[in-house]
Every structure is written in C-alpha cells, then in structure tokens.
Amino acid sequence: MPGVEEFPQDGDHASQQHGRKLTDRLARPLRDLRISVTDRCNFRCVYCMPREVFGRNYAFLPREDLLSFEEIERVARIAVSLGVEKLRLTGGEPLLRREIEVLIGRLAALRTPAGEPLDIALTTNGAALPAKAAGLKAAGLSRITVSLDSLDDAGFQALNDVRFPVHRVLDGIAAARTAGFETVKINTVLKRSANEDQILPLAEYFRWSPHTLRFIEYMDVGSSNGWCLDEVIPSAEVVARINARYPLEVVAPTRADQTARRWRYRDGAGEIGVISSVTGAFCGSCTRVRLSSEGKLFTCLFASSGFDLRALLRSGESDEQIAAALAGLWSRRDDRYSQLRSENTVNAAAQKETIHSRRRIEMSYIGG
Ligand code: SAM
Ligand code: SF4
Ligand code: SF4
C-alpha cells in the first residue's frame, strides 16, 4: 500500500499561488486531473493486473475507503480553481463504479474561472460500453478512450486473461459512436512477446474510420508486471512498420502538453498517434495530477507515495485550506521519472540499482 506524504508546510506560499498561475519547480502548470474511481477491474491484463498478483485473495479497497461522489466533485472544483481544465476518469475499470453517470453529471456542471465547461474524458476497457455509452453521453461526458490491444480473439483473450472476446469491445466502440461520441481514441499497449503482430492489423482496421489509434510503449509502472526493456516496442519501430506499408507524414503538435506524437496517412486515411513513454519521455510538459480512488494525490505515475487528501476532506478543512495544500504540493513537485529512466537506460546496470528498484504504485490503483 502506498505511503503518505507529510502535509505541505509551505501553506503561505501556496496561498499566494492560489488564483495566480500555479507552476511546479520545473515551471509546469497544473492542467489535468486524473481521477481513479475504483481500483477494481473485470479484466486481468497481463501488463497491468497479472492474475498471479491480483488473484482471488487480493485485498482491494473496501467501499467505505473510496471517495464519495461529493468528495470527488469537491476535489475537482478546487483543482479547477487552481488551473485544471481537463478531467479524466479512470481506474481500475471506471465503468464498474456504480452510477458513474451521476458523478459525470456533477463534474459536467463545473466551470473554469473563465466560465468554460471542462473537458471530461474516460478511459475504459470497453466491456460495459454497449450498456452504458448512451447514459455517459447524456450525463455530459466529452470523450471516450477505449483500450484494445489485439484484434485476434485468441491473442486478445490471452492478454485480458478473463476470456473476454474481442468482438464485444468492438461492439462497445460501435455503441460509443451510436451514442454520439463521433471519434473514439483507441489505446493499444504493445508488448513484444504478446501483440507485436497486431500493429498492422490494428492500423488497417482503423484506417478510414473516424477513430484514432494510439500505440503506447509498455511501461515499468507498478511492481508486479515483471517489466523489462526488451519487451518494449519503441514507437520509432511502430511508425517505421506502418510507414513501410501505408506512408505516413508527421502532424505538427497543436498543444505544448501533447503526449502523443501524431502521424497522418499520406493517402488521407486518417491519423495514428504514438505515446513514447519509455523512448521519448515527456516529463518536461507533464501537467497531470492523479487522485486515487481512496483520495491520495500523486504528482507522478511512478510515485512511491501519495498525499492523503481524504484525511483533509474529512477533517473539516475549508475549500481554501485544501486549495492551499494542493497548491503547496504542486509548487514543490519536481517529478520526472521517465526522463531519469531514459538517462539511466544508457547504463542498464545503474538503471537496475537506482530508480527501477524503487517500489512503485500499481497502475490499476493510481489510475492510468
Ligand atoms: N481499465 C481501463 C482501461 O484499461 O482502459 C482504464 C484503466 S487502465 C490502467 C488505463 C490505461 O493504462 C489503459 O489504456 C492500459 O492499456 C494502460 N496501461 C496499463 N498498464 C500499462 C503498462 N504497464 N504500460 C503502458 N500502459 C499501460
Ligand atoms: Fe483492467 Fe485496464 Fe488494467 Fe486491463 S489495463 S487490467 S482493463 S485496469
Ligand atoms: Fe509525468 Fe511522471 Fe510520467 Fe514524467 S514520469 S511524464 S512526470 S507522470
């Protein structure tokens, strides 16, 4: 279980930041809040929740430990007052959280200080989308990302490890479209031994579709997936393979904090994205804070401890005090794990002994 950071002591400094542009020690603004609404999942993806670790006896969080919808909305409102413009609901599997539509409705009613609605996205394995897509749209969800690692049914079932057939995820993507999500982002994590043969089939399947496929490098997040560098398929290789069959050209980034590098098919068949979390660290533009389902705040996906916001929320602190604590946390942030990993990767032995040996939080807990 993750550790807990001391409450920030530099509250005065934090209060001064409140209302102004809040930046961390590396001059990065706070823009995105990722909210994990549950640590549970109906899949056991081998790179995320391997069955040997997340088995029958795994102790998931008890329900009373989860933040309520009121508490999540409060954190989001305070984060928005400090500069957050984008929210992403994730998990575990966010569609397993009962009445998630009610939470989305509450978040959709929030406004930035300039009076703008927020961008509210959700990342899902897609299993529940046929039943839920229409309700999510009606509640005010802006965007959906569906994770899909293989089109080959046997390969997909081996990856999700719960015998979930791929056609039901494809049905989920279609249901999202029917519900009015015109374009869905498709996230594919590539692991050399598992689905390297799926790069071209997936590219082919989503060419000429309204959906955008994004290939993600397999990351050393958590401590249970047995990650090793040899299993990472570098984005450059993915682009080269697709380009050899369907010529690509680079698309200029539209935002400084864009994590995916975009490529478009020269024949007009749409775009793909690559997220090079391992071979092209983007810590310099990382504007994300993560809220776990039990209310711990993490300023990096690879953090080994979180800040116990739930204790503050439940101890009668005012919104201003909580804003000052959050601002203090952000203003002291200097995380850049992936960048350090890249520097250390040059010396594999050093990598093993330094950052990689640190105990890290599981992706299903912290929220992807
Ligand atoms: N259950 C939902 C899903 O799978 O979309 C949301 C949570 S999941 C943790 C969020 C994203 O993290 C998914 O797209 C998943 O593929 C990705 N992910 C999980 N483990 C990963 C790893 N070790 N490296 C890269 N991406 C990973
Ligand atoms: Fe569940 Fe998503 Fe992790 Fe797969 S990647 S085990 S669907 S949380
Ligand atoms: Fe952001 Fe941490 Fe990932 Fe770097 S390693 S991009 S700081 S979450």
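Computed from a predicted model, the values in this text were never measured in an experiment. (Residues numbered from 1 in each chain as written. Chains lettered and ligands numbered in written order. Predicted model: local features only at pLDDT ≥ 70, side-chain atom pairs only at ≥ 80, totals over all residues. Heavy atoms only, no water.)

Per the secondary structure count, the protein includes 14 helices and 13 strands. Computed over C-alpha atoms, the radius of gyration of the protein comes to 20 Å, within 12% of the 21 Å expected from 2.2 N^0.38 for 368 residues, which places it in the range of a compact globule. Its C-alpha atoms give the protein principal-axis dimensions of about 60 × 50 × 45 Å. Of the contacts formed within the protein by residues at least 6 apart in sequence, a portion of 73% connects residues at least 24 apart. (Helix = DSSP H or I, 4+ residues; strand = E, 2+ residues; numbered from the N terminus. Rg over C-alpha atoms; globule rule 2.2 N^0.38 Å. Contact = heavy atoms within 4.5 Å.)

The next thing to look at is the packing of aromatic side chains. Aromatic ring pairs: the centre-centre distance and the angle between the two ring planes describe each pair. Summed over all chains, the structure comprises nine aromatic pairs. A ring pair is formed by Tyr205 and Phe206, whose centres lie 4.9 Å apart and whose planes are at 75°; its orientation type is edge-to-face. Using a relative accessible area of 4% as the deciding quantity, one classes Phe206 as buried. Summarising the aromatic geometry, the rings of Phe298 and Tyr365 are spaced 6.0 Å apart at their centres and angled 85° between planes, so their arrangement reads as edge-to-face. Here Phe298, found in strand S12 (residues 296–298), pairs with Tyr365, found in helix H14 (residues 363–366); they are 67 residues apart in sequence, far enough to count as distant. Assigned by exposure class, Phe298 and Tyr365 land together as buried. Taken together, the ring pairs connect Phe43, Phe156 and Phe164 into an aromatic cluster. (Phe/Tyr/Trp six-rings, centres within 6.5 Å; stacked < 30°, edge-to-face > 60°. Buried < 20%, exposed > 50% of the residue type's maximum accessible area, 1.4 Å probe, protein only.)

As a further point, take the side chain of Arg28. Mapped onto the fold, Arg28 is located in the loop between helix H1 (11–17) and strand S2 (32–36). At 2.7 Å, the side chain of Arg28 forms a polar contact with the side chain of Asp24. With near-sequence residues (within four places) excluded, Arg28 lies in contact with Leu22, Thr23, Cys283, Gly284, Cys286, Trp330, Arg333, Asp334 and Asp335. (Polar contact = N/O pair within 3.5 Å; in protein donor to acceptor, adjacent residues only side chain to side chain.)

Under the criterion given, the structure shown has 23 salt bridges. With a closest N to O distance of 2.7 Å, Arg74 and Asp319 form a salt bridge. With Arg74 in helix H2 (residues 69–81) and Asp319 in helix H11 (residues 319–331), this pair connects stretches of sequence that are 245 residues apart. By relative accessible area, which is 17% here, Arg74 ends up buried. Asp319 sits in the partly exposed class, given a relative accessible area of 25%. A salt bridge links Glu249 to Arg266; its shortest N-O distance comes to 3.3 Å. With a gap of 17 residues between them, Glu249 in strand S8 (residues 248–251) and Arg266 in the loop between strand S9 (261–265) and strand S10 (271–275) connect regions that are remote in the sequence. For Glu249, a relative accessible area of 26% corresponds to the partly exposed category. You can call Arg266 exposed: its relative accessible area is 55%. When salt bridges with common partners are traced through the structure, they connect Asp24, Arg28, Arg333 and Asp335 into a single cluster. (Salt bridge = Lys/Arg side-chain N within 4 Å of Asp/Glu carboxyl O.)

This part is about the confidence of the model for the protein. Model confidence for the protein is summarised by a mean pLDDT of 91, while 90% of its residues fall at 70 or above. Residue range residues 1–19 is modelled with pLDDT below 50. Its contacts to residues more than four positions away, or to other chains, number 47 contacts. Contacts from residues 348–355, a stretch scored under 50 in pLDDT, to residues over four places away or in other chains number 12 contacts. (pLDDT = per-residue confidence, 0-100.)

The environment of ligand 3 is formed by Phe282, Cys283, Cys286, Arg290, Cys300, Leu301, Phe302, Arg333, Asp335, Tyr337 and Ser338. In terms of residue class, the shell around ligand 3 is built from seven nonpolar, one polar and three charged. (Near = heavy atom within 4 Å. Nonpolar A, V, L, I, M, F, W, Y, C, P; charged D, E, K, R; others polar.)

Moving on, we come to helix H6 (residues 166–178). With 13 residues, H6 should reach 18 Å at 1.5 Å per residue; the first-to-last C-alpha distance of 19 Å fits that figure. Within H6 the residues assigned to the buried category are Val166, Val169, Leu170, Gly172, Ile173, Ala175 and Ala176. For H6, the elements touching its buried residues are helix H4 (129–139), strand S5 (143–147), helix H5 (153–160), strand S6 (185–190) and helix H8 (199–206). (Expected span 1.5 Å × (residues − 1).)

Moving on, we get to the packing of helix H3 (residues 100–108) against H4. Their axes nearest at 8 Å, the elements H3 and H4 cross at an angle of 20°. In terms of axis orientation, H3 runs roughly parallel to H4. Note on packing geometry: the crossing formed by H3 with H4 is right-handed. Facing H3, whose interface residues are Ile100, Glu101, Ile104, Gly105 and Ala108, H4 presents Lys132, Gly135, Leu136 and Ala139. A class-by-class count of the residues in the contact of H3 with H4 yields five nonpolar, two polar and two charged. (Axes fitted to C-alpha atoms, helices over the stretch in contact; angles between N-to-C directions. Parallel < 35°, antiparallel > 145°, perpendicular 65-115°, else oblique. Left-handed = near helix turned anticlockwise from the far one by under 90°.)

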